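An overview of the molecular structure
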Amino acid sequence: MDLNSTPHDEAFRQSVRQWLADNLPKKKLETIEERKEWHRKLFDAGYLGMGWPKEYGGQDARPMEQAIVGAEMARVNAPAAVNGLGIGIVGPTIIHHGTEEQKQRYIRNILMAEEIWCQLYSEPNAGSDLAGLRTRADRVGDEYIVNGQKIWTSGGLHSDWGILLARTDPDAPKHQGISCFLLNMHAPGVEVRPIKQISGSSEFCEVFFTDVHVPAENLIGELHRGWQIAQTTLSYERGGNTLSRVSRQLAQFERLLEVAKTLKRNGRPAIEDPIIRQQLGQMYGEIEVLRYSTLRLLSRLEKGLRPGPEASISKLYYSELDKRLQEMTQTVLGPYGQLTVGLSPDLALDGGEGEGDGGTWSHSFVWSRAGTIYAGSNEIQKNIIGERVLGLPKEVRADRIALKAGAR
Ligand SMILES: Cc1cc2nc3c(=O)[nH]c(=O)nc-3n(C[C@H](O)[C@H](O)[C@H](O)COP(=O)(O)OP(=O)(O)OC[C@H]3O[C@@H](n4cnc5c(N)ncnc54)[C@H](O)[C@@H]3O)c2cc1C
């Protein structure tokens, strides 16, 4: 297999690199308006919704071209697009499963960040066991009436719309009675409460629904088929953007390498410490392993195949590696790793990949825990890999074992 870029891809990479050199914001984006402005610049350059059909504002771009843009943005620590969930999850869902009216109504506004989207899936008792969700959508005339609660809604505070999973048939087996809706976050009866996090920011919210009226035309796909729709969108969340994550890790690793050349340990540059050298070498090898496994996923996408359960391997490996990378970074930096303000310029470089108040090594350290939970926790990824990639027997849940034992 030839892992070198084609001349076309290399030329494209250079053009993206040049565009970023000319357009990268000179200061941290503070307000939602500044972030929307940056989002629109990315769209105008053709770097958002790249894989979407041209008729809906996309570029019909190949997965490799999308990955190149993601990688180049990560390389220079460019701010992410503000409508990340709209672009990453909702847009593809509407394109695959929506009606023509829904495509015309929503897609362009997602691309232009005219409407910001969030994902209303998890509930207090339905995270890993998402199919156990209890929020209800009951048909009344030509509307659905939604009641219930969601939690961990990223960006809920700034969102105009949410993609909602709700139970439409309480009597059906739990995976079969769920439907998917587009819900207006400004509708009467929607209450958004921010959750304060360890990092100090409030990227997450709780969302409460009390008799929220959702027009029947906001159903996505077929009634009671929401579970299947959620599966396709989650596999995009798990697999599609791993290459940009590898690039971000490599960029952070290189910055750490630079810092280690000047930061003193026992009176000598940290890079001369044999243990730190070994740790850096090991880490570089691990990041390269992820890069190659991501290229394998990418070649699957290039052939027109969907991410599939193998995306769980990338997600699992990436997030565990990120924790190790951040821990090693803290070990190398020592007390400097905790600085959040007044950093010397060469220590203040890392932006982390989390939204909110990134920009410090310590934020990246705290944020690295999140990667093992979102888009399905790592234990769940291991179950998927075991059952659907390796073909092992299905997991036997501990509570069922306890029940059986009790019955004996
Ligand atoms: C940064 C971040 C952003 C998020 N954004 C969103 C969002 O925008 N919208 C949204 O809907 N949700 C979002 N989530 C929620 C996320 O999807 C859930 O947190 C996740 O699915 C886990 O569910 P839970 O928190 O209820 O944990 P639980 O399901 O209660 O799990 C608790 C622990 O038990 C383990 N566990 C559970 N079941 C099993 C099993 N069968 N086998 C082995 N171990 C098991 C889990 O791995 C975990 O360690 C986000 C989460 C994070 C961290």
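No experiment lies behind these values; they were computed from the predicted model shown. (Residues numbered from 1 in each chain as written. Predicted model: local features only at pLDDT ≥ 70, side-chain atom pairs only at ≥ 80, totals over all residues. Heavy atoms only, no water.)

**Side note on the side chain of S314**
Rules: A run of H or I in DSSP becomes a helix once it reaches four residues, and a run of E becomes a strand once it reaches two; helices and strands are each numbered from the N terminus. For every residue, the accessible area obtained with a 1.4 Å probe (protein chains only) is divided by the maximum for its type, and the residue is called buried under 20%, exposed over 50%, and partly exposed between those limits. Working rule for contacts: check all heavy atoms of both residues, and any pair within 4.5 Å makes them a contact.
With respect to the element layout, S314 can be found in helix α9 (residues 311-333). You can call S314 buried: its relative accessible area is 3%. In contact with S314, other than residues within four places in its own chain, are T242, L290, S293 and L297.

**A look at the confidence of the model for the chain**
To keep things clear, this is the line we draw: The predictor attaches a confidence to each residue, called pLDDT, with possible values from 0 through 100.
Looking at the chain as a whole, its pLDDT mean stands at 87, while 89% of the residues score no less than 70. For the stretch residues 341-358, pLDDT sits under 50, and the model shows 46 contacts to residues farther than four places along the chain or on other chains.

**Structural notes on the layout of surface pockets**
Regions of empty space are outlined by a rolling probe, equal in size to a water molecule, passed over the atoms. Basically, it comes down to this: Only protein atoms enter the calculation, which uses a 1 Å grid: trapped sets of points that fit a 1.4 Å probe without letting it out are cavities, open sets showing protein on both sides within 12 Å along at least five of seven lines are pockets, and any residue with an atom within 4 Å of a point is a lining residue. Grid points are joined across faces, edges and corners, and a volume is the space filled by probe spheres set on the points. Gly is placed with the polar residues, together with every amino acid not listed as nonpolar (Ala, Val, Leu, Ile, Met, Phe, Trp, Tyr, Cys and Pro) or charged (Asp, Glu, Lys and Arg).
Volume-wise, the second largest pocket comes out at about 680 Å³. S5, R13, L243, R291 and L295 are, among the 28 residues lining the second largest pocket, the residues nearest its centre. Put simply, the parts of the chain that give the lining of the second largest pocket at least two residues each are α1 (7-23), α3 (63-75), α7 (242-262) and α8 (274-302). When its residues are assigned to classes, the lining of the second largest pocket shows 12 nonpolar, five polar and 11 charged.

**Some words on helix α4 (residues 84-97)**
Selection rule: An expected span of 1.5 Å times one less than the residue number is assigned to each helix.
With 14 residues, α4 should reach 20 Å at 1.5 Å per residue; the first-to-last C-alpha distance of 19 Å fits that figure. Among the residues of α4, G86, I87, I89, V90, G91, P92, T93, I94 and I95 are the ones counted as buried.

**Things to note about a nonpolar patch on the surface**
This is how the line gets drawn: To count toward a patch, a residue needs a relative accessible area over 30% and no salt bridge; like charges are then connected within 9 Å, while nonpolar side chains (Val, Leu, Ile, Met, Phe, Trp, Tyr) are connected within 5 Å. Using a 1.4 Å probe, the Shrake-Rupley method yields the accessible areas, and only the shown protein chains count as cover for residues. We define a salt bridge as a side-chain nitrogen of Lys or Arg found within 4 Å of a carboxyl oxygen belonging to Asp or Glu.
Side chains of I313, V389, L390 and L392 sit close together on the surface and give an oily, nonpolar patch of about 330 Å² of accessible area. Checked against the element boundaries, V389 lands in helix α11 (residues 378-389).

**Describing the packing of aromatic side chains**
What counts, and what does not: Stacked, tilted and edge-to-face are the three classes applied to pairs of Phe, Tyr and Trp rings, where Trp contributes its six-membered ring and a pair requires centres within 6.5 Å; stacked means planes under 30 degrees apart, edge-to-face means over 60, and tilted covers the rest. Throughout this description, the term charge over a ring refers to an Arg CZ or Lys NZ atom that lies within 6 Å of the ring centre and within 35 degrees of the ring normal.
Taken as a whole, this structure holds nine aromatic pairs when the rule is applied. Aromatic side chains Y106 and W117 sit 5.7 Å apart centroid to centroid with 80 degrees between the ring planes, which places their arrangement in the edge-to-face category. You can see Y106 sitting in helix α5 (residues 100-111) and its partner W117 sitting in strand β1 (residues 117-120), a full 11 residues away along the chain. On the numbers, 5.8 Å between centres and 25 degrees between planes, the contact of W117 with W161 is stacked. Placement of the pair is W117 in strand β1 and W161 in strand β4 (residues 161-167), with a sequence separation of 44 residues. You can call W117 buried: its relative accessible area is 2%. For W161, a relative accessible area of 9% corresponds to the buried category. Lying over the aromatic face of F208, R193 brings its terminal NZ or CZ to 4.0 Å of the ring centre. A cation sits over an aromatic face here: R291 above Y292, 5.2 Å from the ring centre.

**Side note on the site of the ligand**
The condition is simple: To be near a molecule or strand, a residue needs just one of its heavy atoms within 4 Å of it. Two N or O atoms count as a polar contact when they lie within 3.5 Å, although within protein this holds only if one can serve as hydrogen donor and the other as acceptor, and sequence-adjacent residues are included solely when both atoms are side-chain atoms.
Not every one of the 18 residues close to the ligand is listed here, only the nearest: S122, S128, W152, S377 and E379. Q119 places a polar main-chain atom, nitrogen or oxygen, 2.8 Å from a nitrogen atom of the ligand. W152 places a main-chain nitrogen or oxygen 3.1 Å from a nitrogen atom of the ligand. In isolation the ligand exposes 980 Å². Once the protein is present, 68% of that is buried. It is α11 that provides the largest number of residues to the shell around the ligand, a total of three residues. Looking at the shell around the ligand residue by residue, the classes come out as eight nonpolar, eight polar and two charged.

**Some details on helix α2 (residues 32-44)**
With 13 residues, α2 should cover 18 Å at 1.5 Å per step; its first-to-last C-alpha distance of 18 Å lies within 8% of that length. As for α2, its buried residues are in contact with α1, α3, α4 and α5. Trailing α2 by a residue or two, G46 shows a phi angle of about 90 degrees, which is positive.

**Notes on the packing of α8 against α9**
Let me state the cut-off plainly: Axis definition: a line fitted to C-alpha atoms, limited for helices to the stretch in contact. Angles are taken between N-to-C directions and run from 0 to 180 degrees. Our angle categories are set so that under 35 degrees counts as roughly parallel, over 145 as roughly antiparallel, 65 to 115 as roughly perpendicular, and the remainder as oblique. By the definition used in this description, the sense in which the near helix is turned from the far one sets the handedness, with an anticlockwise turn below a right angle giving left-handed and a clockwise turn giving right-handed.
As a packed pair, α8 and α9 sit with axes 10 Å apart at the nearest point and diverge in direction by 160 degrees. The pairing of α8 with α9 is recorded here as roughly antiparallel in orientation. The interaxial crossing formed by α8 with α9 has left-handed handedness. For the pair formed by α8 and α9, the contact residues are I276, Q279, L280, M283, E286, I287, V289, L290, S293 and L297 on the first element and A311, S314, Y317, Y318, L321, R324, L325, M328, T331 and V332 on the second.

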